Amino acid sequence: MKQSISLSDGEWKLMNSLWEKAPRTIAQLVSALKEDTGWTKGTIFMMLSRMVSKGAVRFDSSGRSKLFYPVLKKEDAAFYETENFLSKVYGGSVGMMVASMAGQKTLTQEDINELYAILRETEKETDK
């Protein structure tokens, strides 16, 4: 079952760190995110607490340090954010989004080839 949990930009940074390697302690997260964000231990602790309440992260405190694990799957988070974005910006229409990108000349030939390949594969799966 896909989870519908909305993540802020900062929470995405934390989740990406946990998806990359889990479990992690707060100290490990501070170290991993320090160069990119400059966040302190207190900031990360506050964000993790919020994310635990949302159901995106869980922790195990049976050892010396609390270990944090992602509960939310990256694929589920990406799907939810994509659906939310499409709905908000393009009224749920993938076609309108692609047309907008094509109209702005932002699609490279590689992007176009990738889109064709995705559509061909989806068409094969739909025909089954």
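Colleague: An account of the overall build of the chain is requested, with residue identities and associated values reported.
Modeller: Per the secondary structure count, the chain includes six helices and two strands. Traced from its N-terminal end to its C-terminal end, the chain shows the element sequence α-α-α-β-β-α-α-α. Over its C-alpha atoms the chain spans a radius of gyration of 19 Å, topping by over 25% the 14 Å that the globule rule assigns to 128 residues. Dimensions of the chain along its principal axes, counting C-alpha atoms only, are 55 × 35 × 25 Å. A buried classification covers 22% of the 128 residues belonging to the chain. Sequence separation of 24 or more characterises 52% of the internal contacts of the chain that already satisfy a separation of 6 or more. Accessible surface, the chain as shown: approximately 9,000 Å² in total, 53% of it carbon and sulfur. Side-chain charges in the chain split into 18 positive and 17 negative, and the spacing between the mean points of these groups amounts to 9 Å.

Colleague: Requested: an account of the nonpolar core, with residues and values cited.
Modeller: Core analysis: the biggest nonpolar cluster contains 20 residues, and L7, L14, I44, L48, A56 and V57 have the highest contact counts within it. Elements with a contribution of two residues or more to this core: α1 (9–20), α2 (26–37) and α3 (41–54). Beyond its immediate sequence surroundings of up to four residues, L14 is in contact with L29, L33, W39, I44, M47, L48 and M51.

Colleague: Hey, could you go over the layout of surface pockets for me, with residue numbers and the actual values?
Modeller: There is about 290 Å³ of room inside the largest pocket. In terms of lining, the largest pocket is formed by 14 residues, of which the most central are V94, M97, V98, L115 and L119. Those elements giving two or more residues to the lining of the largest pocket turn out to be α4 (74–90), α5 (94–103) and α6 (109–127). Here the lining of the largest pocket takes five residues from α6, the largest share from any one element.

Colleague: Residue-level account of the packing of α1 against α4, with values.
Modeller: Contact geometry of α1 with α4 gives a least axis separation of 11 Å together with a crossing angle of 150°. Put simply, α1 runs roughly antiparallel to α4. Residue-level contacts link W12, N16 and W19 of α1 to K74, A77, A78 and E81 of α4. Within the contact of α1 with α4, the residues separate by chemical class into four nonpolar, one polar and two charged.

Colleague: Residues and numbers for the pairing of strand β1 (residues 57–60), please.
Modeller: For a regular strand, side-chain orientation follows a simple rule: the groups alternate between the two sheet faces. Pairing analysis gives four bridges linking β1 to strand β2 (residues 67–70), with the strands arranged antiparallel. Looking across to β2, one finds that R58 is bridged to Y69. Joining the antiparallel neighbours β1 and β2 is a turn of six residues.

Quick notes on the rules
- Residues numbered from 1 in each chain as written.
- Predicted model: local features only at pLDDT ≥ 70, side-chain atom pairs only at ≥ 80, totals over all residues.
- Heavy atoms only, no water.
- Helix = DSSP H or I, 4+ residues; strand = E, 2+ residues; numbered from the N terminus.
- Rg over C-alpha atoms; globule rule 2.2 N^0.38 Å.
- Buried < 20%, exposed > 50% of the residue type's maximum accessible area, 1.4 Å probe, protein only.
- Contact = heavy atoms within 4.5 Å.
- Areas by Shrake-Rupley, 256 points an atom, 1.4 Å probe, with all protein chains shown as cover.
- Lys, Arg positive; Asp, Glu negative; His and termini not counted.
- Charge placed at Lys NZ, Arg CZ, Asp CG, Glu CD.
- Core = buried A, V, L, I, M, F, W, Y, C linked by side-chain atoms within 4.5 Å.
- 1 Å grid on protein atoms, 1.4 Å probe; cavity = no way out; pocket = protein on both sides within 12 Å on 5 of 7 lines; lining within 4 Å.
- Points joined across faces, edges and corners; volume = space filled by probe spheres on them.
- Axes fitted to C-alpha atoms, helices over the stretch in contact; angles between N-to-C directions.
- Parallel < 35°, antiparallel > 145°, perpendicular 65-115°, else oblique.
- Nonpolar A, V, L, I, M, F, W, Y, C, P; charged D, E, K, R; others polar.
- Pairing = 2+ DSSP bridges.

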